[in-house]
Amino acid sequence: MEGSDESSHLQPCTLPVDLSSSTSTDISEGKCTIQLDPKYNTFYNPAQEVNRDISVLAIQTFINITPKGKRGRPESVSILEAMAASGIRSIRYAKEITGIFKIIANDMSQGSFDLICQNSTANGTSSIVQPKLSEASSLMYSQPNEHFIVDIDPYGTPVPFLDSAIKCVKDGGIILVTATDLAILAGNAAETCYAKYGSMSLKSSACHELALRIVIHAVQTTANKYGRYVEPLLSLKIDFYVRLLFRVKRGPEVCKKSVRNH
């Protein structure tokens, strides 16, 4: 997929904005209000609002403290949200974070794509939020070193998307990773954890810290395969999931030294 035509993933937003549906529900979060309509069959999790709140603050802080330059912040910051669902995260990023010129809000569901188009237009963010209809890994592989920020928030484990996310992010950029399979990471299924993450989980009083370390290890070893390494900047256990933010840098020599932490 690498080097494929980006336009093959892009469909124009041609839906009219209709806020009068009797079956729809308005959801207000942060500075945006989105509409959820059963006809789109799109996933929205209100429990993840804290996740989105923290992500807005973390990204804005990272942009503010990162100087512009070859290994720093680019002149034009772009974000790729690989699994956007209702689009509420991308729309919030567009409305609440300054310094963003483009956000790719991707989902492989036609209903999600249509809903993102509608909600983005209704919130006045269509000049920044660009909906796409694609499988997440395929899209990220097709845009190597393209985005300063890559956000992956899947259902369950993020492991199947780590390779493509690491390749998609710019040198010096960040990836945000959510894992909702906390029961596995916290020791309830050690063999399954090893199969997915390459580490054995353990039931203990420190199981949640161990869960974070397991995800950090998985992201680090994935980055090392491509001559890159990651610096964990934020590691949180919240409710039923973990959320982590990594700076991604290129450095083969540092990759060799990372074995000491494994």
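Residues numbered from 1 in each chain as written. Predicted model: local features only at pLDDT ≥ 70, side-chain atom pairs only at ≥ 80, totals over all residues. Heavy atoms only, no water.

**Observations concerning the overall build of the protein chain**
Of the regular secondary structure elements, the protein chain holds 9 helices and 9 strands. Per-residue burial over the protein chain gives 54% buried out of 262 residues. In the protein chain, the proportion of contacts linking residues at least 24 apart, taken out of those at least 6 apart, comes to 67%. Accessible surface, the protein chain: about 11700 Å² in total, of which carbon and sulfur atoms supply 54%. (Helix = DSSP H or I, 4+ residues; strand = E, 2+ residues; numbered from the N terminus. Buried < 20%, exposed > 50% of the residue type's maximum accessible area, 1.4 Å probe, protein only. Contact = heavy atoms within 4.5 Å. Areas by Shrake-Rupley, 256 points an atom, 1.4 Å probe, with all protein chains shown as cover.)

**Here's the deal with the side chain of Asn 45**
Tracing the backbone shows Asn 45 in the loop between β2 (32–36) and α1 (49–65). Side-chain polar atoms of Asn 45 contact the backbone nitrogen of Ala 47, separated by 3.0 Å. With sequence-adjacent residues up to four places away left out, Asn 45 is seen in contact with Arg 52 and Phe 240. (Polar contact = N/O pair within 3.5 Å; in protein donor to acceptor, adjacent residues only side chain to side chain.)

**Points about the confidence of the model for the protein chain**
A residue-level look at the protein chain finds 90% of positions with pLDDT of 70 or above and a mean pLDDT of 90. Low confidence marks residues 1–9, where pLDDT is under 50. Its contacts with residues over four positions away, or in another chain, come to 18 contacts. (pLDDT = per-residue confidence, 0-100.)

**What to know about the pattern of salt bridges**
Following the criterion strictly, the structure yields 12 salt bridges and no others. Among the salt bridges present, the one from Arg 52 reaches Glu 29, with a minimum N-O distance of 2.5 Å. With a gap of 23 residues between them, Arg 52 in helix α1 and Glu 29 in strand β1 (residues 25–29) connect regions that are remote in the sequence. Glu 29 shares its class with Arg 52; the two are buried. Here the salt bridges do not stand alone but share partners, grouping Glu 29, Arg 52, Asp 53, Arg 92 and Glu 96 into one network. (Salt bridge = Lys/Arg side-chain N within 4 Å of Asp/Glu carboxyl O.)

**Considering the nonpolar core**
Counting residues in hydrophobic clusters, the biggest one holds 35 residues, and the most contacted among them are Met 140, Ile 152, Ile 175 and Leu 185. Elements represented by at least two residues in this core include exactly α4 (136–141), β6 (147–152), α5 (162–168), β7 (169–179), α6 (182–188), α7 (190–197), α8 (207–224) and β9 (241–250). By residue number, the principal contributor to this core is α8, which donates 7 residues. In contact with Met 140, other than residues within four places in its own chain, are Leu 80, Ala 82, Val 150, Ile 152, Phe 161, Ser 164, Ala 165 and Cys 168. Counting residues in hydrophobic clusters, the runner-up holds 21 residues, among them Ile 97, Ala 105, Ile 149 and Ile 174. (Core = buried A, V, L, I, M, F, W, Y, C linked by side-chain atoms within 4.5 Å.)

**Concerning helix α2 (residues 88–96)**
Because the α-helix completes a turn every 3.6 residues, residues three or four places apart line up on one side. Burial runs high along α2: 8 of the 9 residues are buried. Considered for burial, the residues of α2 that qualify are Ile 88, Arg 89, Ser 90, Ile 91, Arg 92, Tyr 93, Ala 94 and Glu 96.

**Here we look at the environment of Phe 113**
Within the secondary structure layout, Phe 113 lies in helix α3 (residues 110–122). Along the sequence, Phe 113 and Thr 42 sit 71 residues apart, while their C-alpha atoms lie 9.3 Å from each other.

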